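Remarks on the overall topology
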Amino acid sequence: QVQLVDSGGGLVQSGGSLRLSCAASGITFSQYVVGWYRQAPGKQRELVARITSGGSTNYADSVKGRFTISRDNAKSTVYLQMNSLKPEDTAVYYCNAHLPAFTTLDYWGQGTQVTVSS
């Protein structure tokens, strides 16, 4: 059974930092593209950052220079270090793992709430 368990969200003041973690089980984690998405109330889910099996990364323009995604294949875990947080970063953050060549191998975490107060 595949599981992605998101954690690390919380309430932080503007300018603060949080680190999100997503621990995966039931998949060969090192082979997967993993990433973080977020969904704010009334908005569509959007890509925040992702990292390939080879370590290449890409980020949404709105978080470049503030957020850093990383992975630890030995721990089957992906991280999102979020610095200089802004109120507009407030959302539920979801971890995703997928194999690009296989559309059915696409998994989501349960989400973790990030709230940034002004």
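Small disclaimer: the values here were computed from a predicted structure and weren't measured. (Residues numbered from 1 in each chain as written. Predicted model: local features only at pLDDT ≥ 70, side-chain atom pairs only at ≥ 80, totals over all residues. Heavy atoms only, no water.)

Turning to unusual backbone geometry, a few remarks are in order. Its identity as a non-glycine residue notwithstanding, Ser76 has a phi of 50 degrees, on the positive side. As for its placement among the helices and strands, Ser76 is situated in the loop between strand S7 (67-72) and strand S8 (77-82). Look at Ser76 and you get buried, because its relative accessible area is 18%. The phi torsion at Ser84 lies on the positive side, around 50 degrees, for a residue other than glycine. Structurally, Ser84 is set in the loop between S8 and strand S9 (91-99). Since its relative accessible area comes to 41%, Ser84 is described here as partly exposed. (Helix = DSSP H or I, 4+ residues; strand = E, 2+ residues; numbered from the N terminus. Buried < 20%, exposed > 50% of the residue type's maximum accessible area, 1.4 Å probe, protein only.)

Relative to the assigned elements, Asn96 resides in strand S9. Accessibility expressed as a relative area gives 2% for Asn96, which makes it buried. A distance of 3.1 Å separates polar atoms of two side chains, one belonging to Asn96 and the other to His98. With residues near it in sequence (within four places) discarded, Asn96 still touches Leu4, Val33, Val34, Gly35, Tyr37, Asp106, Tyr107 and Trp108. (Polar contact = N/O pair within 3.5 Å; in protein donor to acceptor, adjacent residues only side chain to side chain. Contact = heavy atoms within 4.5 Å.)

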